[in-house]
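Observations on the three-dimensional arrangement
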Amino acid sequence: MALTLESAARLLDRHGLLREIIHGDVWTVDASDIDNADKPFSAITYDTRKVEPGALLCCKGRFKAEYLKDVDEHGLAAYVAENDFSATTQAPGLIVDDVRKAMSLLSAEFYDRPQDRLKVIGITGTKGKTTTAYLTQAMLNGCSGGKCALFSSVDNCLDGHTYVESDLTTPESMDAFRMMREAVDNGMEHLVMEVSSQAYKVDRVYGLTFDVAAFLNISPDHISPIEHPTFEDYFHCKRQIVKNCRSLVLGADCARADLIRQDARHAGVAVSTFALDGASPADVVAKPADTEHSRFSIAIDGTTIGELSLTLDGDFNYANAAAAVAIARAAGFDFGSSQARKALHDMEPVRIAGRMEHFKDTRSDTIAIVDYAHNYASVTALLDYVDQRYGSKNPEITLITGSTGNKAYDRRSEIVKAAQDRVDHLVLTFEDTDDEPVEQVCEDMRNNVTNPQLDVKIILDRTEAVESTVGADRNDSQRPHIILIIGKGNERWFKDHGKHIPYEGDDRIVERVFNLQ
Ligand SMILES: CC(=O)N[C@H]1[C@@H](OP(=O)(O)OP(=O)(O)OC[C@H]2O[C@@H](n3ccc(=O)[nH]c3=O)[C@H](O)[C@@H]2O)O[C@H](CO)[C@@H](O)[C@@H]1O[C@H](C)C(=O)N[C@@H](C)C(=O)N[C@H](CCC(=O)O)C(=O)O
Ligand SMILES: Nc1ncnc2c1ncn2[C@@H]1O[C@H](COP(=O)(O)OP(=O)(O)OP(=O)(O)O)[C@@H](O)[C@H]1O
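Definitions and limits used
Residues numbered from 1 in each chain as written. Chains lettered and ligands numbered in written order. Predicted model: local features only at pLDDT ≥ 70, side-chain atom pairs only at ≥ 80, totals over all residues. Heavy atoms only, no water. UniProt positions renumbered as here; feature names shortened; annotations may be inferred. Phe/Tyr/Trp six-rings, centres within 6.5 Å; stacked < 30°, edge-to-face > 60°. Helix = DSSP H or I, 4+ residues; strand = E, 2+ residues; numbered from the N terminus. Lys NZ or Arg CZ within 6 Å of the ring centre and 35° of its normal. Near = heavy atom within 4 Å. Polar contact = N/O pair within 3.5 Å; in protein donor to acceptor, adjacent residues only side chain to side chain. Areas by Shrake-Rupley, 256 points an atom, 1.4 Å probe, with all protein chains shown as cover. Domains from an automatic or database assignment. Pairing = 2+ DSSP bridges. Axes fitted to C-alpha atoms, helices over the stretch in contact; angles between N-to-C directions. Contact = heavy atoms within 4.5 Å. Buried area = accessible area lost by both parts, 1.4 Å probe. Salt bridge = Lys/Arg side-chain N within 4 Å of Asp/Glu carboxyl O. Expected span 1.5 Å × (residues − 1). Buried < 20%, exposed > 50% of the residue type's maximum accessible area, 1.4 Å probe, protein only.

Labelled according to an unreviewed UniProt entry, the protein appears under the name UDP-N-acetylmuramoylalanyl-D-glutamate--2,6-diam inopimelate ligase, originating from Bifidobacterium ruminantium. Here is the UniProt Pathway (unreviewed entry) comment for the protein, exactly as written: "Cell wall biogenesis; peptidoglycan biosynthesis." For the protein, the Subcellular location (unreviewed entry) comment in UniProt is given as "Cytoplasm".

Here it is, written out as structure tokens:
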């Protein structure tokens with residue numbers, strides 16, 4: 001059904017969000033007092049620069065009245081806001097208590113509730129969201145003939161096969177519902193999406209019920225004045241997914257799993273679990289099938305359904321694969337049938353640019369790994385992998401890392417804490433920032449080093465940091481070398497003072513220096 005001023009007002013009122021409608025001198029809660037209240041809006045936007053005749057505008061975030069300067073000439077039909085802008089526009093205003101919640105509800109209606117036509121899967125957790133989302137999409141795509149869409153922090157995919165770089169982990173609600181509509185129109189039946197803590201903090205998924213939600217793990221991250229003031233707030237935001245789903249998949253080893261189970265009990269939501277073998281008991285378990293940990297078997301309810309060998313290395317990625325199996329099962333996939341082997345097989349080739357990418361030098365015994373680890377949990381997982389896979393060769397390990405400026409301050413100590421007793425050399429370098437000087441971020445990290453044996457260098461220019469470390473002459477060295485370059489993945493830009501600045505990319509620099517291009 002088309003969205004009109006009348007139906008928008010009714011919807012907002014039903015959700016207790018509508019204060020009043022203001023149009024010139026008219027203040028009312030009855031939309032029929034406003035001319036054209038039954039005329040469908042032609043478009044919906046949160047950006048005045050995109051207003052077209054007949055559009056509904058949501059004024060959210062750090063919106064300023066001055067943005068409304070030309071909107072009447074562009075034909076604005078109405079706006080939704082927490083403030084009265086009748087002094088700046090002649091369009092009627094739906095004045096609400098919370099514009100972000102209003103925007104989510106209105107966008108869903110404007111796009112004709114595409115979520116009702118999709119099986120929607122939401123994945124949250126501190127680490128593994130993107131990987132689990134890709135693995136789940138591969139499996140659901142395989143069993144549905146390519147009908148699974150994806151919203152992730154790397155790419156969005158609205159047709160099962162075309163991947164377009166994304167801006168946010170979880171899109172703004174309006175963008176999410178617009179993309180869901182496009183996915184439905186493209187014939188998609190499933191949507192797998194990452195759900196960040198910010199998504200709940202700023203109501204990007206308000207009113208959305210996930211058919212299946214996954215809560216992978218939780219550890220401190222994203223703590224800063226512009227993200228979450230405390231770990232409690234970060235965790236609280238993520239926990240909202242539990243009461244907004246029909247079925248929950250939970251990492252059996254997730255910290256504070258008991259609290260998440262309580263949330264699920266209170267919400268009447270069924271819980272199933274996944275884990276790596278040897279940890280907590282779980283419904284879906286991944287267990288190494290060889291000593292190299294390059295193959296794992298997957299068991300559901302104690303019965304092995306098959307084995308898989310992922311292109312993505314690392315035990316943690318098999319935990320992510322077990323999560324994907326548990327998610328697909330909760331979404332209704334029948335692993336009891338002969339399809340189980342194919343489902344596991346569908347996950348094997350999944351690669352995610354910039355995650356666990358290995359590069360072998362042809363001239364020395366050196367391996368460089370480009371990965372997206374950037375907090376305590378992921379750096380620990382990465383070093384556990386290095387230990388498990390290469391530890392017997394006693395390699396010399398160098399870690400090249402920075403940490404983001406202006407936010408996630410806890411990472412500066414946590415990355416150092418995870419690495420300082422497990423690597424030989426630490427190279428601190430550029431990472432995304434806003435206006436905080438990168439020198440300061442690197443100095444903060446250096447000040448967290450307490451291991452006097454650790455060789456620490458600051459090389460602010462990231463290209464130089466990677467080039468000089470990867471290109472160092474190692475011909476005389478007795479030990480093999482592992483160089484871990486983390487935190488940027490395959491990103492081809494830096495964020496600096498709110499702008500994207502082109503960057504060659506960690507992976508490409510390694511390929512160039514190793515002569516692999
Ligand atoms: C805190 C937050 O959620 N900020 C997001 C938000 O900003 P905002 O609403 O304040 O928007 P703004 O850019 O200040 O502008 C205010 C409004 O004025 C409008 N405008 C602006 C200019 C104009 O001429 N006319 C006009 O109408 C803008 O379209 C906007 O709607 O809306 C923007 C797009 O609409 C987002 O890009 C932006 O995310 C910022 C950039 C961001 O990076 N946030 C991070 C913290 C984030 O969300 N991260 C999470 C987690 C990542 C993880 O887990 O690793 C994520 O989900 O990505
Ligand atoms: N299950 C896991 N446990 C611990 N570390 C993991 C796990 N899965 C992935 N990692 C590590 O975290 C990094 C990021 O993985 P991924 O992108 O899948 O997580 P994410 O939750 O989407 O992260 P972010 O929120 O930072 O985008 C990987 O490069 C790897 O180092």
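Turning to the packing of aromatic side chains, a few remarks are in order. One pass over the full model with this rule turns up 13 aromatic pairs. Ring geometry for Phe-215 versus Phe-235: centroids 6.1 Å apart, planes at 80°, classification edge-to-face. In this pair, Phe-215 sits in strand β12 (residues 212-215) while Phe-235 sits in helix α6 (residues 231-239), placing the two residues 20 residues apart along the sequence. For the ring pair Phe-333 and Phe-335, a centre distance of 4.6 Å and an interplane angle of 65° mean the geometry is edge-to-face. Members of the aromatic cluster, each reached through a chain of ring pairs, are Phe-63, Tyr-67, Tyr-79 and Phe-85. The ring centre of Phe-235 lies 5.6 Å from the NZ or CZ of Arg-239, which sits over that ring. It is Lys-417 that lies over the ring of Tyr-376; its NZ or CZ is 5.1 Å from the centre.

The next point concerns the site of ligand 1. Residues in close proximity to ligand 1 total 19 residues, the closest being Thr-48, Lys-60, Arg-62, Thr-169 and Ser-196. A distance of 3.3 Å is found between an oxygen atom of ligand 1 and a side-chain nitrogen or oxygen belonging to Arg-49. Separating an oxygen atom of ligand 1 from a side-chain N or O atom of Arg-62 is a distance of 2.7 Å. Here ligand 1 loses 74% of its free accessible area of 1,100 Å² to cover by the protein chains. Inspection of the shell around ligand 1 shows a minimum of three residues originating in each of domain 1 (5-110) and domain 2 (114-347).

Taken in spatial order, the 6 strands line up as β2-β1-β6-β5-β4-β3 in an open sheet, and their pairing is mixed. Each edge of the sheet is formed by a strand with only one pairing partner; in this case those strands are β2 (26-28) and β3 (43-45). On average, each strand axis in the sheet is inclined to that of its neighbour by 20°, with strand direction left out of account. Two strands pair when backbone bridges link them, and β3 and strand β4 (residues 55-58) are joined in this way by 3 bridges, in the parallel orientation. From the neighbouring strand, Ala-43 faces β4, where its bridge partner is Ala-55. Lying on the sheet, helix α1 (residues 5-14) is in contact with β1 (18-23), β5 (78-81) and β6 (93-96); it crosses β6 at an angle near 5°.

On to the domain arrangement of the protein. Along its sequence, the protein is organised into domain 1 (5-110), domain 2 (114-347) and domain 3 (357-513). Between domain 1 and domain 2, the C-alpha centre-to-centre distance is 35 Å. Contacts between domain 1 and domain 2 engage 13 residues on the former and 13 residues on the latter. Taken over both partners, the interface formed by domain 1 and domain 2 buries close to 1,100 Å², and the fraction arising from carbon and sulfur atoms is 62%. Looking only at domain 1, the three residues that lose the most surface to domain 2 are Tyr-46, Arg-100 and Ser-104, adding up to 43% of its buried area. For the pair domain 1 and domain 2, the number of links is 1 salt bridge. With a shortest N-O distance of 3.4 Å, Arg-100 and Glu-172 are connected by a salt bridge.

Looking now at helix α4 (residues 173-185). Compared with the 18 Å implied by 1.5 Å per residue over 13 residues, the 18 Å span of α4 between its first and last C-alpha is a close match. Most of α4 sits inside the fold, with 10 of its 13 residues counted as buried. Listing the buried residues of α4 in full gives Ser-173, Met-174, Asp-175, Ala-176, Phe-177, Met-179, Met-180, Arg-181, Ala-183 and Val-184. Directly after α4, the chain includes Gly-187, whose backbone phi takes a positive value near 90°.

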